[in-house]
Amino acid sequence: MSATCEFQAKDYKSDLKPIWCPGCGDYSVVQGIYRAMAAIGRPPHEIAFISGIGCSSRIPGYTTAYGFNTVHGRALPIAQGIKLANPDLLVLAAGGDGDGFSIGGGHIAHLIRRNIDITYIVMDNQIYGLTKGQLSPTSQKGRTTCTSPYGSLENPVNPLLYTLAYGAGFVAQASPTDLVGMAAIIEEAIRYPGFAFVNVQSPCVTYGEEAQQIKGLKAISESLKDLGHDPADRLAAMDLAQHYGSKMHLGVFYKNPEPPATYDAQIRERQIQLSQGALPKERILDLFIKK
Amino acid sequence: MRKDLVFGMAGSGGDGIVSAGDSLLQAASAEGYHGVMTKSFGSQIRGGESSCRVRISTDPVLNPGGNLDVAVALNWEDFLKFGAELPVAGTTVVIYEAATGVPENQIPLVGVTPLQVIAVPIAAMAKETAGTERAKNTVVLGLIAGWFGIGAVAVMKGISRKLAKKSQELVEANQKAFDAGMAFAKEHPLKADMTIVPSEGKGGVKLLTDGNDMCAAAAIFAGCQFFGGYPITPSTEIMQFFTNHVWKYGGAVLQAEDEIAGIGAAVGASFAGKKAMTATSGPGLSLKSEMMGLASIAELPLVIVDVQRGGPSTGLPTKTEQSDLFAAAFSAHGDVIRPVLAPTSVADTFRTTIEAFNIAEYYQTPVIILSDQEIASRKETLDPIDTSQFKIINRLAPTGSDLQDYKRFKQTENHISPISHPGMLGGTYLASGIEHVESGAPTNSGSVHARMNDKRIKKFDPLKERKDLFEITGNPNAPLALVAWGSVAGVCREALQMAREQGLDVKLMVPYLLYPVAEQTYRDFFASVQKGLVVEQSHLAQTFKVLRMHLDLPKGLQSLARSGANPFLPGEIVVALHHLLSELQRSHEGKLQPQE
Amino acid sequence: MATRIDFASLSLMDALDLAILIEDEAKERYEEFAAQMEQHRTPAAATFFRLMAHNEAKHGQELADRRGQLFGGLTPTVTRAMIFDVEAPDYDEARAFMSPRQAMKAALASEIKAHAFFVAALPALKDAEVRALFEELRDEEVQHQTLVKAELAKLPPDSGLSDEDFVDEPAAQ
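Residues numbered from 1 in each chain as written. Chains lettered and ligands numbered in written order. Predicted model: local features only at pLDDT ≥ 70, side-chain atom pairs only at ≥ 80, totals over all residues. Heavy atoms only, no water.

Chemist: Even after reading the chapter, I still don't get the overall build of chain C, so can you show me in this structure?
Modeler: Regarding its fold elements, chain C presents 4 helices and 0 strands. Principal-axis analysis of the C-alpha atoms gives chain C an extent of 55 × 35 × 25 Å. A burial count over chain C gives 46% of its 173 residues as buried. Counting only contacts in chain C whose residues sit at least 6 apart along the sequence, the fraction spanning at least 24 positions is 79%. Total accessible area on chain C is roughly 8800 Å²; 56% of this is exposed by carbon and sulfur atoms. Positive and negative side-chain charges of chain C, numbering 18 and 33 respectively, have mean locations separated by a distance of 2 Å. (Helix = DSSP H or I, 4+ residues; strand = E, 2+ residues; numbered from the N terminus. Buried < 20%, exposed > 50% of the residue type's maximum accessible area, 1.4 Å probe, protein only. Contact = heavy atoms within 4.5 Å. Areas by Shrake-Rupley, 256 points an atom, 1.4 Å probe, with all protein chains shown as cover. Lys, Arg positive; Asp, Glu negative; His and termini not counted. Charge placed at Lys NZ, Arg CZ, Asp CG, Glu CD.)

In structure tokens, the structure reads:
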């Protein structure tokens, strides 16, 4: 499908100047999002872009969409309310690994099982940047940070396996090492009719380790397409996802070839069905008349 | 003959005493009486002790009443567990299960000699007539019909309607049990005539519902199209009502994974331009407080219902208390005003809920409705409400020229800025929990923060001037006064009537708006007051303290406060007023007759 | 929508459009870097990046003029979505408090990268005119490298000290 000529990537870029450190991976991610939005071609005012708290959660403000920079860990509940209140909107959610898999870690499973048509982009940098470099839920075991001076004793969350295991219909991974690929993956995620998850390995230039910077990531990156991976094969996807942390597989891990009906589509049907013959709102108290 | 009867009945869950109360209230309502029913339970899901109070009257009922006129104990152990919730006095007729084996002159009620005590072989009668002891509650209804003249026809009509779908046999069995109860009553007349005065067709169509259903219905009437919440006693019925009905009006419900997600989804729906609501009880309110802060700074309309129960923590989940006022007014961080409203009855829950939405929408703010377990779960008969008299307010939409250069948080004369929502062309902006300039762009400037705080706080000034959110009754210049809100207000209304009948010069203030404190309205009210009581079910006397924080209270104003689940009786408040009066008279006497 | 370049079928117009897009991307990136540096109190690097943006704009304009003369207002068939970081410095080259030397090194790295892009593309090209254009662009990149190197040479010798050792530590938010 070709992009409408009406919108270009720059139409989604706002005037706000990012507070991110120079060299931050998130600069590329926002570019990828501009490109994906342009490819989709929805006007900015029909897009709601929701985030939590963290460096990466500043991202909605750098777009011209309706943005909501909410509270720590709660981008997904708020995004759900928006989508259910107005299913016509294109709803994007974004945040960091701490936001999505630590403080807000309880929400993603429920969004997945509800299958609400929201695309969730996690900028995974394996560290808490905004609060100056504490251990995050995706930090590798043994990592030394200011809250793990003798090395972390915890295993990291695997965001890919986590979302695949809960049954997400679309799971992909991208990285600023390949912006063209990242834009295409985000576009595909948005087009997927249902909940879609994109883990973006986006390095922290200030608190990240050397191996986690772009050059280090390039060295461990492998394209799923080049590996001949079939995105309809969920078990193969889970197998590959186990390498999170040691390899960086880029591309679509899993895309349900037969997407089931979304929650938001079903509530519409219910609204239409039940509104027939309903009491007018002004007479709702008639429900309490006892004969 | 009596114009007003208060029944208190207790048994174990298996005795079906609450369901009997339901049938009694419905029958009375069908016969044209006014009524209120409250329920109280032990902590077991099934099979614990359960009780209900049913008050039936020829006049509108202000509260569940004081001492019982009729006490029904299916067993004493369960009855006694409710203590002060079911107070027996010298005017009470006590009916109890003969199978308990307790002689009539040895019932386990300390310090009181009831008007009459009657042991009835209720279980035996049920077994004999219906073939099962389970029909005990129907026997009780028959006894009540026989002795007090309520529901002789209507009770069985209601039961038949309820059971007709199941089997005719079941209806007949119940009829026999009911008739047996009626017959027993006729054979054993009471010492005093306690039959109720005929309702004389005062009835007409009546509504019968509880506070939670009324709250949800009012929200839908006010245009609420989204509910996000999580089950918690005693508020859950609000979510249940929404799931049954809101779809019909183009709305949606999300039973969320937790309290935070519930209010989060509601915040999202409000951002998307829809009126939204969540409901909870104390522990849930604590979890939601961060989101309330977000809604305040993002200036998003939202209604949060807190059906109060005994706290802190799980506390007394099935009993009422008024101890969440501090939490409602002060729980979220930061300098912020969040309006807090409280209904006082099922009937005015309708108006209060609509008012909450109107205030939320007009001022673009979260608003808390502080209901309580008693109002939420008590059933009331009400006269039909003319819904056309209620005005519905919607949030201020941006005009074409506003959208030319849209500033979401534009400084205006009344501090209220036009609000757009996703989907509106020209209205895009960044909503955020971070401090922001007029456009919505984040800032960490101290001066902007001060200006924005000013905007967000001053916008509420007109709310504090609203006299219609206060009910003042009695002589405006009275030296004696009562202040009460929520379910306690109903008790004080009755106490006021009684006190005035006894010649006391007393007035009553019932605030529906608890926060922000309307200083001037209180000052005007307290101007004539020399002695008074702030009556509340809060051990810490939270209302009294919130008032003292904002006002110089009259010296003679005292707190009458106690923990929840220990109801106030109108009579004891009247006694307290008499005490205040004597104090007042003594102090005047002192002034007139100098000490030797 | 095609997001990868098919070098084998590239026409001269496409090749010119591509070259313009590459210059555009580089110009925008340098502007973005300059803004980042201004935002992060690194003015000397900002000035240098502004200069680079100006240069890229100039090159872009020259190419655009040529394209205009040859093909007028014909609609381009290649898009920005097909390229990424060809002549633009990588996002991770930027650093807060970077010295002019580091800024120049970042620019030099991107000129080397651009050179490599054209070199790598050459074997796949079928059209002789396109090939000639790519060779020309490749050689320009060498010239640019020489210019940046000359600028680098004008700088006082490197003290060997890292600025990172002097600056404030990051501020928690």
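Additional details are given in the paragraphs that follow.
Chemist: Got a minute to help me understand the overall build of chain B in this structure?
Modeler: Helix and strand counts for chain B stand at 19 helices and 21 strands. For chain B, whose C-alpha radius of gyration is 26 Å, the value lies close to the compact-globule estimate of 25 Å for 596 residues. Projected onto its principal axes, the C-alpha coordinates of chain B cover approximately 85 × 80 × 40 Å. Expressed as a percentage of the 596 residues in chain B, the buried residues total 61%. Within chain B, residue pairs in contact and separated by at least 24 positions form 75% of the contacts whose partners lie at least 6 positions apart. For chain B, the centre of its 54 positive side-chain charges and the centre of its 61 negative side-chain charges are spaced 3 Å apart. (Rg over C-alpha atoms; globule rule 2.2 N^0.38 Å.)

Chemist: So what exactly am I meant to see when it comes to the packing of aromatic side chains here?
Modeler: Each aromatic ring pair is described using two quantities: the centre-to-centre distance and the angle formed by the ring planes. Taken as a whole and judged by the stated rule, the model has 37 aromatic pairs over all chains. Their ring planes at 80° and their centres at 5.2 Å tell us that Phe117 of chain C and Phe118 of chain C sit as a pair that is edge-to-face. A relative accessible area of 19% places Phe117 of chain C in the buried class. A centroid spacing of 5.2 Å and a plane angle of 90° characterise the contact between Phe118 of chain C and Phe134 of chain C, whose relative ring orientation is edge-to-face. Here Phe118 of chain C, found in helix H3 (residues 100–121), pairs with Phe134 of chain C, found in helix H4 (residues 128–154); they are 16 residues apart in sequence, far enough to count as distant. Here the aromatic cluster, defined as three or more aromatic residues joined through ring pairs, consists of Trp20, Tyr27 and Tyr62 of chain A together with Tyr30, Phe33, Phe48, Phe49 and Tyr91 of chain C. Sitting over the face of the ring of Trp247 of chain B, Arg270 of chain A holds its NZ or CZ atom 4.9 Å from the ring centroid. Sitting over the face of the ring of Tyr91 of chain C, Arg29 of chain C holds its NZ or CZ atom 3.9 Å from the ring centroid. (Phe/Tyr/Trp six-rings, centres within 6.5 Å; stacked < 30°, edge-to-face > 60°. Lys NZ or Arg CZ within 6 Å of the ring centre and 35° of its normal.)

Chemist: What am I meant to see in the interface of chain A and chain C here?
Modeler: By a frequent convention, interface size equals the accessible area lost on bringing the separate parts together. Counting from both sides, the interface comprises 29 residues of chain A and, opposite them, 27 residues of chain C. Buried surface at the junction of chain A and chain C, summed over both partners, amounts to about 2300 Å²; 54% is from carbon and sulfur atoms. The largest contributions to the chain A side of the interface with chain C come from Pro22, Lys132 and Val180 of chain A, which together make up 25% of the buried area. Here chain A and chain C share 4 salt bridges between them. Here Lys218 of chain A ties to Asp90 of chain C by a salt bridge, and the two come within 4.0 Å at their closest N and O atoms. For the side of chain A that touches chain C, the class distribution of residues is 16 nonpolar, 7 polar and 6 charged. (Buried area = accessible area lost by both parts, 1.4 Å probe. Salt bridge = Lys/Arg side-chain N within 4 Å of Asp/Glu carboxyl O. Nonpolar A, V, L, I, M, F, W, Y, C, P; charged D, E, K, R; others polar.)

Chemist: Looking at this structure, I do not really get the pairing of strand E4 (residues 68–73) of chain B. What am I missing?
Modeler: If a strand is regular, its side chains alternate between the two faces of the sheet. Residues and elements named next belong to chain B. By the criterion of burial, E4 is predominantly enclosed, with 6 of the 6 residues buried. As paired elements, strand E1 (residues 4–12) and E4 share 4 bridges and run parallel to each other. Counted as the bridge partner of Ala10 is Ala73 from E4. Two elements, E4 and strand E5 (residues 88–97), share 5 bridges in a ladder whose sense is parallel. Residue Val72 lies in a different strand from E5, and its bridge partner there is Ile95. In this region the chain leaves E4, passes through helix H2 (residues 76–81) and returns to the parallel neighbour E5; the handedness of that crossover is right-handed. (Pairing = 2+ DSSP bridges. Right-handed = clockwise from strand over helix to strand, strands pointing away.)

Chemist: Mind showing me how you'd approach the pattern of salt bridges here?
Modeler: Opposite charge on two side chains allows them to pair when their charged atoms are near. This model, assessed by the stated rule, comprises 45 salt bridges over all chains. The residue Glu299 of chain B makes a salt bridge to Lys455 of chain B at a minimum N-O spacing of 3.0 Å. In this pair, Glu299 of chain B is assigned in the loop between helix H10 (282–297) and strand E11 (302–308) and Lys455 of chain B in helix H14 (residues 446–458), connecting sequence segments 156 residues apart. For Glu299 of chain B, a relative accessible area of 1% puts it in the buried group. Each of Lys215 of chain A together with Asp92 and Glu93 of chain C takes part in one network of salt bridges that share partners.

Chemist: For this particular structure, what's the right way to read unusual backbone geometry?
Modeler: Glycine aside, residues mostly have negative phi angles, and peptide bonds mostly take the trans form. All names here are of chain B. In this structure, Pro234 follows Thr233 across a cis peptide bond, with omega equal to 5°. Here Pro234 lies in the loop between strand E8 (224–229) and helix H8 (236–245). Phi at Glu299 takes a positive value of approximately 50°, unusual for a residue other than glycine. Even without glycine at this site, Gln364 takes up a positive phi of about 50°. Residue placement: Gln364 occurs in the loop between helix H12 (346–363) and strand E13 (366–372). Under the relative-accessibility criterion, Gln364 is labelled buried at 1%.

Chemist: Is there a simple way to explain the packing of helix H4 (residues 136–148) of chain B against helix H6 (residues 168–187) of chain B in this structure?
Modeler: Geometry of a packed helix pair, given as the angle between the helix axes and the separation of the axes. Residues and elements named next belong to chain B. At a minimum axis distance of 7 Å, the contact between H4 and H6 shows a crossing angle of 40°. Classed by the angle they form, the pair H4 and H6 counts as oblique. With respect to the hand of their crossing, H4 and H6 are arranged in right-handed fashion. The residues of H6 that touch H4, namely those facing Thr138, Val139, Leu141, Gly142, Leu143, Ala145, Gly146 and Trp147, are Asn174, Ala177, Phe178, Gly181, Met182, Phe184, Ala185 and Lys186. Split by residue class, the contact of H4 with H6 holds 10 nonpolar, 5 polar and 1 charged. (Axes fitted to C-alpha atoms, helices over the stretch in contact; angles between N-to-C directions. Parallel < 35°, antiparallel > 145°, perpendicular 65-115°, else oblique. Left-handed = near helix turned anticlockwise from the far one by under 90°.)

Chemist: When you look at the environment of Leu235 of chain A in this model, what are you seeing that I'm missing?
Modeler: Tracing the backbone shows Leu235 of chain A in helix H8 (residues 234–241). Each C-alpha atom of the pair Leu235 of chain A and Tyr254 of chain A lies 9.0 Å from the other, and the pair is 19 residues apart in sequence.

Chemist: How should I be thinking about the arrangement of the chains in this particular structure?
Modeler: Taking contact number as the criterion, the leading pair out of 2 pairs of chains in contact is chains A and B. What separates chain B from chain C at the closest point of their C-alpha atoms is a distance of 10 Å, and the two make no contact.

Chemist: Any chance you could explain helix H9 (residues 259–271) of chain B here in plain terms?
Modeler: In an α-helix, one turn spans 3.6 residues, which is why side chains three or four residues apart end up on the same side. Residue and element names in this part refer to chain B. Taking 1.5 Å per residue as the helical rise, H9 with its 13 residues ought to reach 18 Å, and the 18 Å between its terminal C-alpha atoms agrees with that figure. The buried fraction of H9 amounts to 13 of the 13 residues, a majority that puts the element mostly inside the structure. By the N-cap criterion, in which a side-chain oxygen at the helix start approaches the backbone nitrogen of a residue two or three places on, H9 is capped by Asp258, the distance to Ile260 being 3.1 Å. Phi for Gly273, located one or two positions after H9, is positive at around 100°. (Expected span 1.5 Å × (residues − 1). Polar contact = N/O pair within 3.5 Å; in protein donor to acceptor, adjacent residues only side chain to side chain.)

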